[in-house]
Amino acid sequence: MRIRVTDRNLPRLHLAGTLIVVVVMALALGVSFLLIGMTEHQRFFKRLEDSFATKKQERLATEMSAAIGYIDFAQSLTESTLKAALKERVSMAMQTAQAIYDREHGRRPEAEVKRLIIEALRPQRFFDGGGYFFVDDMEGRCVLLPIAPEREGSSLWDNQDDTGHYIMRGLINAVKEGDGSGYSSYRWYSPGSPKAMSDKLAYVAHFAPYDWIIGTGDYLQRWHDMRLREGLERLRAWKFGDTGHFAVFGLDGKILLQTQWPEHEGKHYTSVGTDEMKRIRGELIALGAKGGGVAEYPWSRVDPGKESSLGEIGNRTSLVTVYRPWNIVVVASLFEQEMEPAIAAERQAIIESVSSRLPFVALAAGLALLLAIIASYFFSRWISRQLRAYTQRIDAHAQTLERQAEALHLSARVFETSREGIIITDPDTRILAVNPSFCEITGFAADEVIGQRPTLLASSRHDKAFYRAMWKTIRATGTWSGEIWNRKRDGTVFPEQLTISTVRNGKGEVLHYIGTFLDVSERKEAEDRIRQLVEFDLLTRLPNRALLNDRLTQAIAIAEREKKRVAVLVIDMDRFKTVNDSLGHATGDEILQEVAARLRRLVRQSDTVSRMGGDEFAVVLPALDQPANALPVIRKICEALGEPYLVRNQDFHITPSIGVSLFPDNGTDAETLIKNADAAMYHAKDVGRNNFQFFTADFNQWATNRLHIENGLRHALARKELVLHYQPQVDLASMRIVGCEVLLRWQPQGEALIPPDRFIPIAEDTGLIVPIGAWVLDEACRQLAEWDAQGTAPIRLAVNVAVPQLRQPDFVDYVRDTLARHGLSNARLEIEVTESVLLDQDERIRHTLEGLVELGIMLSLDDFGTGYASLSYLRNFRFDVLKIDRSFVSELHRNPDDITLIRAIISIARDMSLLTIAEGIESAEQCAILNELGCRVGQGFHFSRPVPAGVMGELITQDVIALTT
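Residues numbered from 1 in each chain as written. Predicted model: local features only at pLDDT ≥ 70, side-chain atom pairs only at ≥ 80, totals over all residues. Heavy atoms only, no water.

**Student:** Would you mind showing me how to read the overall build of the protein chain here?
**Tutor:** Along the protein chain, the regular secondary structure elements total 27 helices and 30 strands. With 965 residues in all, the protein chain has 42% of them scored as buried. For the protein chain, restricting intrachain contacts to residue pairs at least 6 apart in sequence, the fraction spanning at least 24 positions comes to 58%. Carbon and sulfur atoms form 54% of the exposed surface of the protein chain, whose accessible area is close to 52,000 Å². (Helix = DSSP H or I, 4+ residues; strand = E, 2+ residues; numbered from the N terminus. Buried < 20%, exposed > 50% of the residue type's maximum accessible area, 1.4 Å probe, protein only. Contact = heavy atoms within 4.5 Å. Areas by Shrake-Rupley, 256 points an atom, 1.4 Å probe, with all protein chains shown as cover.)

Below is the structure:
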């Protein structure tokens, strides 16, 4: 049946259709919510079960962590307990020997006194009968050996264990290095396996009256077994929950602990229990051997000690962990049924909660459906009224357009024939029409732009703020006129003089916007030509004096606001007039053009290069942080302008004289700065030309001194003015020299010694540190090889390396070749860098450090704690050594805060397996405190000042370094 739609029945049809849609949607939503609710309940139950399973595993993990912690504690006590027992027994033997000696010495012959001591110690047994005392002299001869008396009187000096370790020599070294007593580890035949050796620990003490060593020892494995038995008994009593307990298996399959079946303990799992029990035990041991994990399996609730009385079968969850030090598998387990009452209670509570809410949900759904029907009714009425109003507005608008069409027809001729481009838009700025001049100027066809917005002409030379201001003026005044840059169809950007006017109706409503414009490219080009003539030099195309003054004034204003410096350079070409007069102005002009080209290449885009007239140029360097920032540019200009000029197949050697003034030091306005720079330039000519001079006398002297040092450094290597000194690095426990730091010194010919802090920064700034650093590394390695050839004790060599060296792509290859050339192993070299290296983001530095690590070179972080590097850098860079700065050490014995800082640094180093070296140790008190804090190595005047190579060679030959007073 076809329904006829009229103005009268349209609202009723709309209402009926809306109500049908709302009811159907409400029913569909109700069913959907019901299904979603049921699904959510199922998901909730699943999450609940997963939550309990997670809690169960967390419970097992917590218990396992505590058990492993206890086992770790028990295992860690093994060696310390054995050491204490050995020391106690030897102390008793020493007391016995000393008592006999004190009583009988002088009364009996020495041989008789020795025999009495030996016979007093021979029968003593301990450690379950396996312990005994032995006595040897310091030359390795056996004095007492109860288990092999036939060896007494013979030399055991060359006795070795199965690893090649000399047993007797180790015992004697323990006494010598331990201040009269010490521990020694070796391997010896165990009582249970006379053909196999086991690890053994011995404690020996020096009996001074007869130059004997008295000692005893025991096998580590026996003490490990004692700790293991204690740990198993502790786990046997460990219960958690109603069904939780531990089981322990050996990786070899032996059952060490199972509280349900204690009669199985000590037996292999394949020899006891049912087939199912054997399978499960085997799987648990295999899981532990792979590193551990979680296992679930069916398990019988069996009464302890009654294997045949099988009870209820339940699922048991186990957490398996392997403990490698004892080669055991630890299993923590409990039955899943332990959690089921809690899960059932939660499930019942949720079902009851959901059931109690269902009536309220149904009532809410009914009310929502009723409200939706009422809202649909009133919405339909409102839409009908809006539809009628919209139809009336459309009719009125159509009539208005007809009237406007008549008016537009009258002006169409003007629109078509105007030389100005014309564009007409609607109130929403959509283009309605363009005239032929618009198409001619922009290159767009009319059908390409109609319906578009004028933004398709935008050139991107104006920001959003410009357009916001333009439209703000249009809305306020109804018109806008100005110069704007737009884009043609071919992408060409052109300037235009644009006027935008607003067309309104009698009510003040906007009907159209009309834009008229002219292409003013020719006028702009003429203005640019005029500006070039006014502001730029015709010969060099550089800014002239007028534009220089303007830009310098702007640079001064910016520098004053941002607290920066500005440098003004006035450059005059020495003896240029001679060339100009002898060879003609054409040649002179070509030289001036080359000078301008070189200057442009040397400066930044923000700098200004100007020709002030004749052969005089000026350069403005804005936004300098400090005066020294201008020096590199000044030097480059000096060098570049001093290079020969090839003009008309002839080389001309012309040099510059440069004067420099600084804002605000030498003036606060453009005229003063240029005048002072000009005066400094004439001073440069007076002192010999081909140089630069600063206007300020103090800064000029500083620059002169710096240049003097730089020039001297360039010839220091060739003149052999550089020498190396060495400062020993000493083991704080034994006071033996274990290494030395290489320190560079410069003694210019006929001058005083220049401190490193004056010439090293200059060497780094100028790049001279690269050849100097290469010489330092080669000379230091040569000296180390020479010491080795003299038979001195091998030591480690620490060489400081600067950032420019690390940036060299061949630095790692140079280090490798240098070590190989002098026959040194890579492990003998230690490269020291400061924290500033860590802050440099240059990837070349990271690659260099990684290459050094791959070579096996030790990396040392110097002056740790004094810079701004984060601790995370210690993790990102693989350092081997941390050097504690002397600023923390100097007041160590008077300032508790320094002790706290050093303790923290040593703790960090110890946790990261790094060696710590303390710098600047100047007293025995500082040395003792550092040794007590755990610092292993130190250097400073307390041990030795930096000394020449010959003196350092003599220090290395000493067994213990002689301390300075």
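That was the structure; now back to the text.
**Student:** Explain helix α25 (residues 896-911) to me, please; I cannot follow it from the model alone.
**Tutor:** Counting along an α-helix, one turn takes 3.6 residues, and residues three or four places apart therefore face a common direction. Taking 1.5 Å of rise per residue, 16 residues should cover 22 Å, and α25 covers 23 Å from first to last C-alpha, within 8% of that figure. Every buried residue of α25 is accounted for by Asp898, Ile902, Ile905, Ile906 and Ala909. The arc that holds every buried residue of α25, seen down its axis, measures 95°, which confines them to one face. Of the residues in α25, the exposed ones pointing more than 90 degrees away from the buried face are Pro896, Asp897, Arg910 and Asp911. Its buried side turned inward, α25 meets β27 (858-864), β28 (881-884), α24 (886-889), β29 (915-918) and α26 (924-933). A side-chain oxygen of the first residue of α25 lies 3.0 Å from the backbone nitrogen of Asp897; this N-cap is Asn895. Downstream of α25 by a residue or two, Ser913 has a phi angle that is positive, lying close to 60°. (Expected span 1.5 Å × (residues − 1). Arc of directions from axis to C-beta. Polar contact = N/O pair within 3.5 Å; in protein donor to acceptor, adjacent residues only side chain to side chain.)

**Student:** How should the nonpolar core be read in this particular structure?
**Tutor:** As a rule of thumb, soluble globular proteins bury nonpolar side chains together. Leu713, Tyr726, Trp787, Leu852, Ile902, Leu930 and Met952 are the most contacted members of the largest nonpolar core, which has 79 residues in total. Of the residues forming this core, the biggest block, eight residues, is contributed by helix α18 (residues 769-789). Once residues within four sequence positions are removed from consideration, Met952 is found in contact with Tyr726, Pro728, Ile737, Gly739, Cys740, Trp787, Ile795 and Val947. Core analysis: the next-biggest nonpolar cluster, separate from the first, contains 36 residues, Leu542, Ile591, Leu624 and Ile637 among them. (Core = buried A, V, L, I, M, F, W, Y, C linked by side-chain atoms within 4.5 Å.)

**Student:** Please explain the environment of Ala446 as it appears in this structure.
**Tutor:** Secondary-structure assignment places Ala446 in helix α8 (residues 446-449). For Ala446, a relative accessible area of 30% translates into the label partly exposed. Note: C-alpha distance between Ala446 and Asn435 (eleven residues apart in sequence) is 7.9 Å. Leave out the neighbours within four places in its chain, and Ala446 touches Val434 and Cys439.

**Student:** Would you mind going over the sheet that holds strand β30 (residues 937-938) with me for this structure?
**Tutor:** Strand pairing in a sheet is mediated by backbone hydrogen bonds. Such pairs are either parallel or antiparallel. Here eight strands make up a closed barrel; going around it, the order is β23-β24-β25-β26-β27-β28-β29-β30 and the pairing mixed. The pairing of strand β24 (residues 737-746) with strand β25 (residues 796-800) spans four bridges and is classified as parallel. The residue bridging Val742 from the neighbouring strand is Val799, located in β25. (Pairing = 2+ DSSP bridges.)

**Student:** Teacher, can you tell me more about the sheet that holds strand β5 (residues 212-219) here?
**Tutor:** The antiparallel open sheet is built from five strands, whose spatial order is β2-β1-β5-β4-β3. Looking at the sheet topology across the chains shown, the edges are occupied by β2 (142-144) and β3 (181-190). Sheet twist, expressed as the average angle between the axes of neighbouring strands with direction ignored, equals 35°. Pairing analysis gives two bridges linking strand β1 (residues 134-137) to β2, with the strands arranged antiparallel. (Axes fitted to C-alpha atoms, helices over the stretch in contact; angles between N-to-C directions.)

**Student:** I keep staring at helix α13 (residues 585-602) and nothing clicks. Help me out?
**Tutor:** Over its 18 residues, α13 extends 26 Å from the first C-alpha to the last, a length consistent with the 26 Å expected when each residue adds 1.5 Å. Of the positions making up α13, those classed as buried are Thr587, Gly588, Ile591, Leu592, Val595, Ala596, Ala597, Arg598, Leu599 and Leu602.

**Student:** Mind showing me how you'd approach the pairing of β5 here?
**Tutor:** The side chains of a regular strand alternate, first on one face of the sheet and then on the other. The buried fraction of β5 amounts to eight of the eight residues, a majority that puts the element mostly inside the structure. Here β5 shows a buried face lined by Trp212, Ile214, Thr216 and Asp218 and a second buried face lined by Ile213, Gly215, Gly217 and Tyr219. Pairing of β1 with β5, which is carried by four bridges, proceeds in the antiparallel orientation. Bridge pairing in β5 places Asp137 opposite Trp212. Examined bridge by bridge, strand β4 (residues 193-207) and β5 share eight bridges and lie antiparallel to one another. Note on β5: the bridge partner recorded for Val204 is Gly215.

**Student:** Looking at this model, I keep getting lost on the side chain of Thr502. Mind explaining?
**Tutor:** Along the chain, the position of Thr502 falls in strand β14 (residues 493-504). Relative accessible area serves as the criterion here: at 17%, Thr502 is assigned to the buried category. Thr502 has contacts with Ile474, Gly478, Val510, His512 and Tyr513, leaving out every residue within four places of it along the chain.

**Student:** For this particular structure, what's the right way to read the environment of Tyr219?
**Tutor:** Position of Tyr219 among the secondary structure elements: in strand β5. Overall, Tyr219 belongs to the buried group, its relative accessible area being 12%. Counting along the chain gives 88 residues from Tyr219 to Gly131, while the straight-line C-alpha distance between them is 9.6 Å. Those residues in contact with Tyr219, other than ones at most four positions away along the chain, are Trp188, Tyr189, Ser190, Pro191, Ser198, Asp199 and Lys200. Among the polar contacts made by the side chain of Tyr219, one reaches the main-chain carbonyl oxygen of Tyr189 at a distance of 2.2 Å.

**Student:** Sorry, what's going on with the packing of α13 against helix α14 (residues 631-641) here?
**Tutor:** The axes of two packed helices give the description: the angle between them and the distance between them. At a closest axis distance of 10 Å, the pairing of α13 and α14 adopts a crossing angle of 150°. As the angle between them shows, α13 and α14 are arranged roughly antiparallel. Of the two elements, α13 crosses α14, and the hand of that crossing is right-handed. Seen from α13, the contacting residues are Val595, Arg598, Leu599 and Leu602; seen from α14, they are Lys636, Ile637, Ala640 and Leu641. Of the residues that constitute the contact of α13 with α14, the class distribution is six nonpolar, no polar and two charged. (Parallel < 35°, antiparallel > 145°, perpendicular 65-115°, else oblique. Left-handed = near helix turned anticlockwise from the far one by under 90°. Nonpolar A, V, L, I, M, F, W, Y, C, P; charged D, E, K, R; others polar.)

**Student:** Would you explain the pattern of salt bridges in this entry?
**Tutor:** In a structure, side chains of opposite charge can pair up when their charged atoms sit close to one another. This model, assessed by the stated rule, comprises 39 salt bridges. Salt-bridge contacts for Arg222 lead to Asp218; the nearest nitrogen and oxygen are separated by 2.4 Å. Its relative accessible area of 3% is what places Asp218 among the buried residues. Between Arg796 and Glu830 there is a salt bridge; the shortest N-O distance is 2.7 Å. With Arg796 in strand β25 and Glu830 in strand β26 (residues 829-834), this pair connects stretches of sequence that are 34 residues apart. A single burial state applies to Arg796 and to Glu830, both of which are buried. Three or more residues joined by partner-sharing salt bridges are found here, namely Arg103, Glu104, Arg108, Glu112 and Arg115. (Salt bridge = Lys/Arg side-chain N within 4 Å of Asp/Glu carboxyl O.)

**Student:** So what exactly am I meant to see when it comes to the packing of aromatic side chains here?
**Tutor:** We describe a pair of aromatic rings using the distance from one ring centre to the other and the angle between the two ring planes. Per the stated rule, a full pass over the model turns up 17 aromatic pairs. Aromatic pair Tyr101 and Phe207: ring centres 6.3 Å apart, planes at 90°, arrangement edge-to-face. Separated by 106 residues along the polypeptide, Tyr101 in helix α1 (residues 10-104) and Phe207 in strand β4 bring together distant segments of the chain. Taking the relative accessible area as the measure of exposure, Phe207 reaches 1% and is therefore buried. Consider the rings of Tyr726 and Trp787, whose centres lie 5.1 Å apart with planes at 70°: the pair is edge-to-face. Of this pair, Tyr726 sits in strand β23 (residues 722-731) while Trp787 sits in helix α18, and the two are 61 residues apart along the sequence. (Phe/Tyr/Trp six-rings, centres within 6.5 Å; stacked < 30°, edge-to-face > 60°.)

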